[in-house]
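One-letter residues, chain by chain:
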Amino acid sequence: MDTPYAIEMLNITKRFPGIIANDNITLQLKKGEIHALLGENGAGKSTLMSVLFGLYQPEEGIIKKDGVEVSIKNPNDANALGIGMVHQHFKLVECFNVLDNIILGVEDTKNGFLQKKEARKKVMALSERYGLSIDPDAIIEDITIGMQQRTEILKMLYRDNEILIFDEPTAVLTPQEIDELMQIMKNLAKEGKSILFISHKLEEIMKVADRCSVLRKGKYIGTVETKDTTMEELSAMMVGRNVNFHVAKEEKTPGDVVLDVENMVVASEGHKMDAVKNVSFKVRGGEIVCIAGIDGNGQRELVEGITGLLPLKSGKLTLLNKDITKESIRHRNKMGMSHIPEDRHKHGLVLDYSLEDNLILERYFEPEFTNKAGFLRRKNIRNYANKIIEQYDVRSGQGPVTIARSMSGGNQQKAIIGREIDKNPELLVAVQPTRGLDVGAIEYIHKQLVAQRDAGKAVLMVSYELEEVMDVSDRILVLYEGEIVGELDPKKTTEEELGLYMAGAKRDEVKA
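Residues numbered from 1 in each chain as written. Predicted model: local features only at pLDDT ≥ 70, side-chain atom pairs only at ≥ 80, totals over all residues. Heavy atoms only, no water.

Asker: What exactly am I supposed to notice about the overall build of the protein here?
Answerer: Tallying secondary structure elements over the protein gives 17 helices and 22 strands in all. Principal-axis analysis of the C-alpha atoms places the extent of the protein at approximately 75 × 55 × 50 Å. Considering the protein as a whole, with its 512 residues, one finds that 54% of them fall into the buried category. For the protein, the accessible area works out to roughly 22600 Å², and carbon and sulfur atoms hold 49% of it. Of note, the protein has its 68 positive side-chain charges centred 4 Å away from the centre of its 79 negative side-chain charges. (Helix = DSSP H or I, 4+ residues; strand = E, 2+ residues; numbered from the N terminus. Buried < 20%, exposed > 50% of the residue type's maximum accessible area, 1.4 Å probe, protein only. Areas by Shrake-Rupley, 256 points an atom, 1.4 Å probe, with all protein chains shown as cover. Lys, Arg positive; Asp, Glu negative; His and termini not counted. Charge placed at Lys NZ, Arg CZ, Asp CG, Glu CD.)

Here it is, written out as structure tokens:
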């Protein structure tokens, strides 16, 4: 007799207002396998996994575990069945520490008091066993996104879950952390755990998954053995056309200096030390300068200092020959700066606003959107939103009136990118601009960045993706422990050499 599947989702249909997110989808997960779920932004992958985890109830279809039909009404039911999930946007309490987040909901108590000693031992043992290095006492809001993700993974392992769902787990990790995670997943599968792995990154799927199921626009396209397919075939299944994996761009012709950063010092959270230490560089019109480095080496503080989210401890910022060191965020925007933030939820969107209101957040006061009496011009806002939605293929169930929170992460990102580029900035600061996007959308965004550069605009990009850094940038600046340790030409360097600079094993002589 055949071994029953660890999980079967049979003929699942899930509808939202204006959209069928999952249209009669069947997915079968074998015990001990890594099964990838691939699809464009908004294809229904996260929705399907949220149904399995009990966050949504399907209108049609059933779920079986080990061949037996089960009812999953909420995440507690899922956990009781041994199903755990690491969400694309983490479900952590920001004012709690790492340990409290991991044990939240399954705490041991004695006479009404929390018993954390054994929990701490178990967490640290899991952390060591799976190479998930964490500080159990660190507060969530003070740690890097990569560290927050490790906390989420440990939350699952702490509950002894045997079905593990990873929703875009590598979107925020450095190349080294990605390699470690791939190994962790393989080790978990060897121990008999069954893994569902949502990803847009085809090379990762080819490297780690046994099988891959593809969704497109809410429909099931097919399941393939990864050893019997290619990245090109998978991308064609996913987007319905062939995709160009490399950025086509002509030789750069840099113009005048747009951004001049001089001796910039930015304090870290809590001002215990300097996160950015005496950094100087220039970005010219007509070039893409990429800040490369392992997450947590001062990139966030550097960007927040430039965009006005954090004050400078010392140093000077010049935009188009004007000193903006002490200028407000709005003034920097009006002078020609646009910012695609790393955390789209915290700094990119007001999640409970409609899509159209999010698209005018930085421009609502302009005459196009507000009349002389101070009232919003709703018709103009609607027309503008429809233009961005069409131009950037932002998929939302109810168009401009869709609440931002209900959109997929990738479509939220496309909306932010459309809003920021449409301002026609002189300087575009883009942090992880393709985070969580599918190959078709990545191809489009890279073209947009190159188009900005070709129009004579300055682009400052921060990326943790080595391939993206090498492919898109004209010049690479490597940040290590808050200092620029190298300036590299992507045409004359290798990923290996770049990796050495990022790890601090190599640095340029200080340049005049």
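Asker: Sorry if this is basic, but what is going on with the environment of Thr434 here?
Answerer: Note on placement: Thr434 falls in the loop between β19 (427–431) and α15 (439–454). Each C-alpha atom of the pair Thr434 and Glu269 lies 26 Å from the other, and the pair is 165 residues apart in sequence. Setting aside residues up to four positions removed in sequence, Thr434 forms contacts with Gln413, Ile442, Ile445, His446 and Glu468. There is a polar contact of 2.6 Å between the side chain of Thr434 and the side chain of Glu468. (Contact = heavy atoms within 4.5 Å. Polar contact = N/O pair within 3.5 Å; in protein donor to acceptor, adjacent residues only side chain to side chain.)

Asker: Mind showing me how you'd approach helix α9 (residues 299–307) here?
Answerer: Each turn of an α-helix holds 3.6 residues, which means side chains three or four residues apart point in the same direction. Taking burial as the measure, the nine residues of α9 include eight buried ones, the bulk of the element. Buried within α9 we find Gln299, Glu301, Leu302, Val303, Glu304, Gly305, Ile306 and Thr307.

Asker: Help me out: how do you make sense of a negative patch on the surface in this one?
Answerer: Side chains of Glu203, Glu467, Glu495 and Glu496 sit close together on the surface and give a patch of like negative charge. Assignment of secondary structure puts Glu467 in helix α16 (residues 466–472). A relative accessible area of 44% places Glu467 in the partly exposed class. (Patch = residues over 30% accessible without salt bridge, like charges linked within 9 Å, V, L, I, M, F, W, Y side chains within 5 Å. Salt bridge = Lys/Arg side-chain N within 4 Å of Asp/Glu carboxyl O.)

Asker: In this structure, what is going on with the packing of aromatic side chains? I would like to understand it.
Answerer: One pair of aromatic rings is described through two measures. These are the centre distance and the angle between the planes. A full pass over the atoms with the stated rule returns four aromatic pairs. Their ring planes at 75° and their centres at 5.1 Å tell us that Phe16 and Tyr56 sit as a pair that is edge-to-face. A residue pair is termed long-range when its members are at least 10 positions apart, and Phe16 in strand β1 (residues 7–16) and Tyr56 in the loop between α1 (45–52) and β4 (60–65) qualify at 40 residues. Residue classification places Phe16 among the partly exposed positions, given a relative accessible area of 28%. Between Lys122 and the ring centre of Tyr158, over which it is positioned, the NZ or CZ distance is 4.7 Å. Directly above the ring of Phe365 sits Arg330, whose terminal nitrogen or CZ lies 3.9 Å from the centroid. (Phe/Tyr/Trp six-rings, centres within 6.5 Å; stacked < 30°, edge-to-face > 60°. Lys NZ or Arg CZ within 6 Å of the ring centre and 35° of its normal.)

Asker: Explanation requested: the pattern of salt bridges in the structure shown.
Answerer: It is possible for side chains of opposite charge to pair when their charged atoms get near one another. In total, this model carries 40 salt bridges according to the counting rule given. Residues Arg419 and Glu362 are paired through a salt bridge, measuring 3.4 Å at the closest nitrogen-oxygen approach. Residue Arg419 is located in helix α14 (residues 409–422), and its partner Glu362 is located in the loop between α12 (355–359) and α13 (378–391); the two are separated by 57 residues in the primary sequence. Relative accessible area serves as the criterion here: at 4%, Arg419 is assigned to the buried category.

Asker: Just to check I follow, could you spell out the sheet that holds strand β11 (residues 211–216) for this structure?
Answerer: Backbone-to-backbone hydrogen bonds pair the strands of a sheet. The strands run either parallel or antiparallel. Read across the sheet, six strands follow the order β6-β9-β10-β3-β11-β12 without closing on themselves; strand pairing throughout is mixed. Two strands in the sheet have a free side with no partner beyond their single neighbour: β6 (83–86) and β12 (219–225). Neighbour to neighbour, the strand axes of the sheet diverge by 20° on average, direction disregarded. By the bridge criterion, four bridges tie strand β3 (residues 34–39) to strand β10 (residues 194–198) in an arrangement that is parallel. Each bridged residue has a counterpart across the sheet, and for Ile34 the counterpart in β10 is Ile195. Those strands touched by helix α5 (residues 145–158) are β6 and β9 (163–167), and its axis lies near 180° from that of β6. Strands in contact with helix α8 (residues 231–239) are β3, β11 and β12; relative to β11, the strand with the most contacts, it is inclined by about 30°. (Pairing = 2+ DSSP bridges. Axes fitted to C-alpha atoms, helices over the stretch in contact; angles between N-to-C directions.)

Asker: Whenever I open this one, the pairing of strand β20 (residues 458–462) confuses me. Can you help?
Answerer: Consecutive side chains along a regular strand alternate between the two faces of the sheet. Of all five residues making up β20, five are buried, and the element is well covered by its neighbours. Burial along β20 is two-sided: the face carrying Ala458, Leu460 and Val462 and the face carrying Val459 and Met461 are both buried. When strand β15 (residues 287–292) meets β20, the two strands line up parallel, connected through five bridges. Bridge pairing links Ile291 to Val462 in β20. Alignment of β19 against β20, held across five bridges, turns out to be parallel. Bridge pairing in β20 places Val431 opposite Val462.

Asker: Would you mind going over the packing of α13 against α14 with me for this structure?
Answerer: When two helices pack together, their arrangement is given by the angle between the helix axes and the distance between those axes. Contact geometry for α13 and α14: axes closest at 10 Å, N-to-C directions at 115°. In terms of axis orientation, α13 runs roughly perpendicular to α14. In this structure, the crossing between α13 and α14 has a hand that is right-handed. Between α13, through Tyr384, Lys387, Ile388 and Gln391, and α14, the contact on the second element is made entirely by Gly418, Arg419 and Asp422. Its residues placed into classes, the contact of α13 with α14 shows two nonpolar, two polar and three charged. (Parallel < 35°, antiparallel > 145°, perpendicular 65-115°, else oblique. Left-handed = near helix turned anticlockwise from the far one by under 90°. Nonpolar A, V, L, I, M, F, W, Y, C, P; charged D, E, K, R; others polar.)

Asker: Is there a simple way to think about α8 in this case?
Answerer: Regarding α8, the residues found buried are Leu234, Ser235, Met237, Met238 and Val239. Of the residues flanking the end of α8, it is Gly240, one or two places downstream, whose phi is positive at about 80°.

Asker: Would you explain the side chain of Asn97 in this entry?
Answerer: Looking at where Asn97 falls in the secondary structure, it is placed in the loop between β6 and α3 (98–103). Note on Asn97: relative accessible area 14%, which makes it buried. A distance of 2.7 Å separates a polar atom in the side chain of Asn97 from the backbone nitrogen of Asp100. Setting aside residues up to four positions removed in sequence, Asn97 forms contacts with Pro136, Asp137, Ala138, Ile139 and Ile140.

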